[in-house]
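Take a look at the letters that make up each chain.
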Amino acid sequence: MAMERAEIAAVVNDDIITTTDIQTRLRLNTGGRSIPQAEKKIAYDTVLDELINETLQRQEAKTLSIQVEDQQIRDAFSRIARENGLTVQQFRDRLKGIGVPVEAFYDKIETDIAWSQVVRRKLRPQVSISENDIEFGIYKMGIYLVHSHSGLLLTRVSDALYEVLDPVQPNKYCTSFI
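Residues numbered from 1 in each chain as written. Predicted model: local features only at pLDDT ≥ 70, side-chain atom pairs only at ≥ 80, totals over all residues. Heavy atoms only, no water.

Points about the overall build of the protein
When helices and strands are tallied, the protein shows six helices and six strands. Ordered by position in the sequence, the α and β elements of the protein form the string β-β-α-α-α-α-α-α-β-β-β-β. Taking all 178 residues of the protein together, the buried fraction comes to 29%. For the protein, the accessible surface area stands at approximately 13,100 Å², while carbon and sulfur atoms represent 53% of it. (Helix = DSSP H or I, 4+ residues; strand = E, 2+ residues; numbered from the N terminus. Buried < 20%, exposed > 50% of the residue type's maximum accessible area, 1.4 Å probe, protein only. Areas by Shrake-Rupley, 256 points an atom, 1.4 Å probe, with all protein chains shown as cover.)

The structure is reproduced here in structure tokens:
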């Protein structure tokens, strides 16, 4: 693979995103497949936005003194490899084969883990959800809560059982599918 000359694509506070960073992420996001000419500008801009957001996330994590341990990154890398049916070495080889340095993927994993810690630290204490809020949200998704003697049952409308008066015997109920 020919060596590309890195140019500055964006500056996010004091951090620089290069054209090489963008090309690497494009290869990662596409699995090394080529992008049709008509879609290159959109793909480039999308990846640039993604990298800017990740840079801001990293900066926020740094401001909060959040550090991700190397073992966390290695564990996440192993899990991703396993979820893709690959060994760690096979996954490394696959990344190398599409021109993505493993370190670039590790950086993405580190940012994802750090950002989840930022969210946990900053946002979760501010979130207060009542039981009624949860039930209403579930209802809006088309899921009903059914209280039964064995506990709480969640069911989608399409799968819901309901009781109706039996038209033949008006004093009895029958169970029907929606």
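On we go from here.
Some thoughts on the pairing of strand 1 (residues 8-12)
When a strand is regular, its side chains alternate between the sheet's two faces. Pairing between strand 1 and strand 2 (residues 15-18): four bridges, direction antiparallel. When the bridges of strand 2 are listed, Ile8 appears paired with Thr18. (Pairing = 2+ DSSP bridges.)

Focus: unusual backbone geometry
Residues other than glycine seldom take positive phi values, yet Asn13 does so here, at roughly 55°. Looking at the element boundaries, Asn13 is found in the loop between strand 1 and strand 2. Asn13 sits in the exposed class, given a relative accessible area of 58%. Non-glycine residue Ser65 carries a positive phi angle of around 60°. Mapped onto the elements of the fold, Ser65 is located in the loop between helix 2 (37-63) and helix 3 (70-83). Judged by its relative accessible area of 59%, Ser65 is exposed.

Let's talk about helix 3
Under the 1.5 Å per step criterion, the end-to-end length of helix 3 is 20 Å for 14 residues, consistent within 8% with the ideal 20 Å. Listed in full, the buried residues belonging to helix 3 are Ile73, Ala76, Phe77, Ile80 and Ala81. For helix 3, the buried positions fall inside an angular range of 135° around the axis, keeping them on one side. Turned more than 90 degrees away from the buried face of helix 3, the exposed residues are Arg82 and Glu83. Of the residues one or two after helix 3, Gly85 is the one with positive phi, at around 70°. (Expected span 1.5 Å × (residues − 1). Arc of directions from axis to C-beta.)

Re the packing of aromatic side chains
What the rule picks out here adds up to four aromatic pairs. With a centroid separation of 4.8 Å and 40° between ring planes, the pair formed by Phe77 and Phe91 is classed as tilted. Here Phe77 is found in helix 3, whereas its partner Phe91 is found in helix 4 (residues 88-97), with 14 residues between them in sequence. Neither residue differs from the other here; Phe77 and Phe91 are each classed as buried. Ring centres of Phe77 and Tyr106 lie 5.1 Å apart, and the angle between their planes is 75°; on these two criteria the pair is classed as edge-to-face. Taken together, the positions of Phe77 in helix 3 and Tyr106 in helix 5 (residues 102-122) put the pair 29 residues apart, joining distant regions of the chain. The class for Phe77 is buried, based on a relative accessible area of 0%. The rings of Phe77, Phe91, Phe105 and Tyr106 are connected pair by pair, giving a single aromatic cluster. (Phe/Tyr/Trp six-rings, centres within 6.5 Å; stacked < 30°, edge-to-face > 60°.)

Concerning the packing of helix 1 (residues 19-30) against helix 2
One way to put it is that helix 1 packs onto helix 2 with a least axis distance of 9 Å and a crossing angle of 105°. The angle between the axes of helix 1 and helix 2 places the two elements in the roughly perpendicular class. The segment helix 1 lies against helix 2, with Thr19, Asp21, Ile22, Gln23, Arg25, Leu26 and Asn29 engaging Ala43, Tyr44, Val47, Leu48, Glu50, Leu51 and Glu54. Among the residues making up the contact of helix 1 with helix 2, the classes are represented as seven nonpolar, three polar and four charged. (Axes fitted to C-alpha atoms, helices over the stretch in contact; angles between N-to-C directions. Parallel < 35°, antiparallel > 145°, perpendicular 65-115°, else oblique. Contact = heavy atoms within 4.5 Å. Nonpolar A, V, L, I, M, F, W, Y, C, P; charged D, E, K, R; others polar.)

The values are spatial; any link to function lies outside them.
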